[in-house]
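A structural walkthrough
Listed below are the residues making up each chain.
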Amino acid sequence: MKHRITLTIGPATFRLGSPWREPITWLKRLYADYPQQPDAIADFTVRLDPAGPLRRWLHPSVRIAGDHMLADAAPMALRHGLLAAEMGMNLQMALGWRRHLLIHASSVEKGGRVLVMTGESGSGKSTLAALLGERGWRFMGDEFALIDLDDGRILPFPRLVSLKNAAIDVMRAEVHDEGRFGPLLFATPKGDIRHLAPPRGAIGRMGEGAPPALLLFPRFGADPELRPVGQAEVFVRLTQASTNYVACGERGFDALHRFVTAVPAMAMDFPDGDRAVGLVEDLWSQLS
Amino acid sequence: MSGRLLVDVLRDPARATVLSGGLWNALIAAARAERLIGTLAVRLDGLDVPPAAARVLADGRAEAEREKRHALWEADRAMQALGPLGMPVIAMKGTAYVAAGLTAGEGRFIGDLDIMVPHDALDDVETVLLAAGWEWVKPDPYDDAYYRQWMHELPPMIHRERDRMIDVHHTILPLTARPKPDATGMIADSVALPGGLRVLSAEDRVCHAVAHMLADGDLGGGLRNLWDIKCLLNDIEDCSALFRRADRHGLTAHLTRAERLADAVYGTRTARLSMVDRVFVARLTATDGWGRDGRKLLGLAFYVRSHLLRMPLTMLLRHLWTKWRKGHRPV
């Protein structure tokens, strides 16, 4: 591989290779504060392969490949190479990670306890975690929450935040360090995307887990409202939000059962970031 | 090529204790690409390896255990469904190896459930499986008809709840292939395991693995097939019985080549190799340190060969023309 990088995010180490320079250059810049040891033994290999025999040079396009692959993944334009690399790493985690129960969720920590937020793409969980991460909370991840199979603690997986569409401006107003932002990826399959490096403090503490204290199902675009969610529904929704619940077997069931019975859950509708942060802070102060 | 590194370590696990980080990455990527990571992990169990490698290998072993559990459960479900037909259900390949507790099954990746049933029972088997929740996955009428007319198995089916595929074989090679194995003899000599599931006899297990690797297909995943063959050969007590069996199935030349290849890749490395054997070895070890096929042209040549093995030229041309019109491209 002509261009490569090995980087560690939380408990996972990735080795990425590309025949093109640009995606790796962006990764090196945006992951500058993460451990990057070229000779580290990686958990996963990710490749950005040319999508066809001529696609390295002519209309360059990327096929995401690596240890774990999707057979029918659509090729992506090289100008979206950074997104392809991020998707490649996510794919390895989703399909290959077995050391924790993986929940498709964002998470933030304050006072030694974790707030977990799960929901469909577009629910606002990612943006909300990024916002809270700039406002006194420790950002732990916007994509996967890792639940320890033995003690139930949440482990951070603070990779780049993937800001989509309107969320880009929300975070541009919040973060004034231009160096933390990646390039604007215009018109990707998921809309406009810009990546944001987490705060340096969050990266420095990415080995530190903490017990979960609250689960939220955020929903962007409605008047503020909070509703409790029953344990049975939470359980089923989390099995759907987990990429490896079945693969983790009995240990996965035990970990999820422990989580669902120990952690209160609420559905939260919100019309904008500021009011969401207000709702979260109110809920959090009532918890103790 | 890292395929070479992979076979060296599988053959002699102690070599893993002196690898650099870079070589570990190449070894792991090649093993995953060849679906031999579980086998490698079992081979290296207990050796002194770096902690990061030990974690990856532990994952590989745990995953293989899960594979085994799923495979045995799937075989159990198929037996349950086929029970009313009152005929023997013979598990093949990975499922058979783990069910029978063979070395070849240790750490093995198992994708589909492969079973063998008598040819005249196919219609009943199909009806019963459809009723028990399996569904067709080849919607194309040409593919479906092709399977039924020429293949050694029914078109593949997937169970709609468990999402696992079943291949129902009635023999071990496509009907268009030159060797004509004696499927009836294979079924008659199959062995019952405790619990009722059956597996092919030790000799027929070798013959099937050899036919699968060398008389069918393009040698993709060939390193795993050859590992199977190496392990299955070790289980053979009477070599002359094996050769008599291979002769009956028309697979003698394939068997001798498989023995040479197994020796050259995983064994003593003393067998004399022909030029053609060396081409096979080059193809088998073509995976590079990033898990890619490092010899694409050779791969294409074997792809062409696989089609020539499978059907006579005129039939092949008609088949390729049909596939091309439907938009299929080999690369």
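All values reported here derive from a predicted model rather than from experimental measurement. (Residues numbered from 1 in each chain as written. Chains lettered and ligands numbered in written order. Predicted model: local features only at pLDDT ≥ 70, side-chain atom pairs only at ≥ 80, totals over all residues. Heavy atoms only, no water.)

A closer look at the overall build of chain B
Inclusion rule: Every helix listed is a DSSP run of H or I at least four residues long, and every strand listed is a run of E at least two residues long, numbered separately from the N terminus. C-alpha atoms define the radius of gyration in this analysis, and the globule rule sets the expected value at 2.2 Å times the number of residues to the power 0.38. Between buried and exposed lies partly exposed: a residue is buried under 20% and exposed over 50% of the maximum accessible area for its type, with that area taken using a 1.4 Å probe on protein chains only.
Across its full length, chain B holds 15 helices and 7 strands. The C-alpha radius of gyration of chain B comes to 20 Å, within 12% of the 20 Å expected for a compact globule of 331 residues. Here the C-alpha coordinates of chain B stretch approximately 55 × 45 × 45 Å along the principal axes. Burial analysis of chain B (331 residues in total) assigns 53% to the buried set.

Some points on the domain arrangement of chain A
In many reports, interface size means the accessible area that the parts give up when they come together. All names here are of chain A. Note the threshold: All the domain ranges listed were derived from an automatic or database domain assignment. In what follows, residue pairs with any heavy atoms lying within 4.5 Å of each other are defined as contacts. A quick way to say it: buried area is the sum, across both parts, of accessible area lost when two parts are put together, with a 1.4 Å probe. Any carboxyl oxygen of Asp or Glu that lies within 4 Å of a side-chain nitrogen of Lys or Arg is treated as forming a salt bridge with it. Gly falls in the polar group here, along with every residue not listed as nonpolar (Ala, Val, Leu, Ile, Met, Phe, Trp, Tyr, Cys, Pro) or charged (Asp, Glu, Lys, Arg).
Split by domain assignment, chain A resolves into domain 1 (3-96) and domain 2 (100-159 + 198-287). Using only C-alpha atoms to locate each centre, domain 1 and domain 2 end up separated by 26 Å. If you look at the interface, domain 1 gives 14 residues, while domain 2 gives 14 residues. Between domain 1 and domain 2, the buried area comes to about 1200 Å², and carbon and sulfur atoms account for 66% of it. For Glu86, the salt bridge is made with Arg159, and the minimal N-O distance between the two is 2.6 Å. If you list the elements that add at least two residues to the side of domain 1 that touches domain 2, you get strand E1 (3-9), strand E2 (12-18) and helix H2 (81-96). Element by element, the count of residues in the side of domain 1 that touches domain 2 is highest for H2, at 4 residues. Class assignment for the residues of the side of domain 1 that touches domain 2 results in 9 nonpolar, 3 polar and 2 charged.

So, the interface of chain B and chain A
Across the contact, 20 residues belong to chain B and 19 residues belong to chain A. Around 1800 Å² of area is buried between chain B and chain A when both sides are counted, 51% of it from carbon and sulfur atoms. On the chain B side of the contact with chain A, B:Asn25, B:Arg32 and B:Trp290 bury the most area, a combined 42% of that side's loss. The interface formed by chain B and chain A holds 3 salt bridges in total.

Details of the packing of helix H3 (residues 125-134) of chain A against helix H8 (residues 273-287) of chain A
Residues and elements named next belong to chain A. How we decide: Every axis corresponds to a line fitted to the C-alpha atoms, with the helix fit spanning only the stretch in contact, and the corresponding angles, defined between N-to-C directions, vary from 0 to 180 degrees. Angular relationships are summarised with four words: roughly parallel below 35 degrees, roughly antiparallel beyond 145, roughly perpendicular across 65 to 115, and oblique for the angles in between.
Contact geometry of H3 with H8 gives a least axis separation of 10 Å together with a crossing angle of 70°. In terms of orientation, H3 lies roughly perpendicular with respect to H8. Across from Leu128, Leu131 and Leu132 in H3, the residues of H8 making contact are Gly273, Ala276, Val277 and Val280. Taken together, the residues that form the contact of H3 with H8 break down as 6 nonpolar, 1 polar and no charged.

Considerations on the packing of helix H1 (residues 2-11) of chain B against helix H2 (residues 21-33) of chain B
All names here are of chain B. Orientation of H1 relative to H2, taken along the N-to-C sense of each, is 90°, at an axis distance of 9 Å. Here H1 is positioned roughly perpendicular relative to H2, judged by the angle of their axes. Side by side, H1 and H2 meet where Ser2, Leu5, Leu6 and Val9 of the first sit next to Leu23, Ala26, Leu27, Ala30 and Ala31 of the second. When the residues that make up the contact of H1 with H2 are grouped by side-chain class, the tally is 8 nonpolar, 1 polar and no charged.

Some remarks on the layout of surface pockets
Residue and element names in this part refer to chain A. As a reminder, the rule being used: The distinction between a cavity and a pocket rests on a 1 Å grid over the protein atoms alone: a 1.4 Å probe fits inside a cavity but cannot get out, while a pocket stays open yet meets protein on both sides within 12 Å along at least five of seven lines, and a residue with an atom within 4 Å of a point counts as lining. Grid points are joined across faces, edges and corners, and a volume is the space filled by probe spheres set on the points.
A volume near 1000 Å³ is recorded for the second largest pocket. Around the second largest pocket sit 44 residues that line it, and Ser121, Gly122, Ser126, Ser162 and Lys164 are the ones nearest its centre. Tallying contributions element by element places H2 first for the lining of the second largest pocket, with 6 residues. Class assignment of the residues belonging to the lining of the second largest pocket gives a composition of 20 nonpolar, 12 polar and 12 charged. Of the domains in this structure, domain 1 (3-96) and domain 2 (100-159 + 198-287) are the two that each give at least three residues to the lining of the second largest pocket.

What to know about the sheet that holds strand E5 (residues 76-77) of chain A
All names here are of chain A. Our working rule: Strands were regarded as paired on the criterion that DSSP finds at least two bridges between them.
Pairing in this open sheet of 5 strands is mixed, and the strands run E1-E2-E3-E4-E5 from one edge to the other. Lying at the two open borders of the sheet, with one neighbouring strand each, are E1 and E5. The sheet contact formed by strand E4 (residues 61-66) and E5 spans 2 bridges and is antiparallel. The residue bridging Ser61 from the neighbouring strand is Ala77, located in E5. Strands E1, E2, strand E3 (44-50), E4 and E5 of the sheet are contacted by H2, whose axis makes an angle of about 140° with E3.

Notes on unusual backbone geometry
The backbone of A:Asn165 shows a phi angle near 50°, a positive value even though the residue is not glycine. With respect to the helices, strands and loops of the structure, A:Asn165 is situated in the loop between strand E11 (161-164) and helix H4 (166-172). One non-glycine residue, B:Arg35, lies in positive phi territory at about 55°. Inspection of the secondary structure assignment puts B:Arg35 in the loop between H2 and helix H3 (37-43). For B:Arg35, a relative accessible area of 46% translates into the label partly exposed.

Digging into the nonpolar core
Inclusion rule: To define a nonpolar core, start from buried Ala, Val, Leu, Ile, Met, Phe, Trp, Tyr and Cys residues and group those joined through side-chain atoms within 4.5 Å.
Counting 91 residues, the largest nonpolar core has B:Leu6, B:Trp24, B:Leu40, B:Leu129, B:Ile166, B:Val168 and B:Tyr266 as its most contacted members. Here this core gets 8 residues from one element, more than from any other, and that element is helix H4 (residues 51-82) of chain B. Excluding residues within four positions of it along the chain, B:Trp24 makes contact with A:Ile41, B:Ala16, B:Leu19, B:Leu44, B:Val49, B:Pro50, B:Ala53 and B:Leu57. A:Ile9, A:Leu30, A:Ala85 and A:Ile203 belong to the second-largest nonpolar core, a separate cluster that totals 38 residues.

Describing the pairing of E4(A)
Residues and elements named next belong to chain A. Within E4, 5 of the 6 residues are buried, which leaves it mostly tucked inside the rest of the structure. Bridge count between E3 and E4: 5 bridges; the pairing is antiparallel. Paired with Val46 across the bridge in E4 is Gly66.

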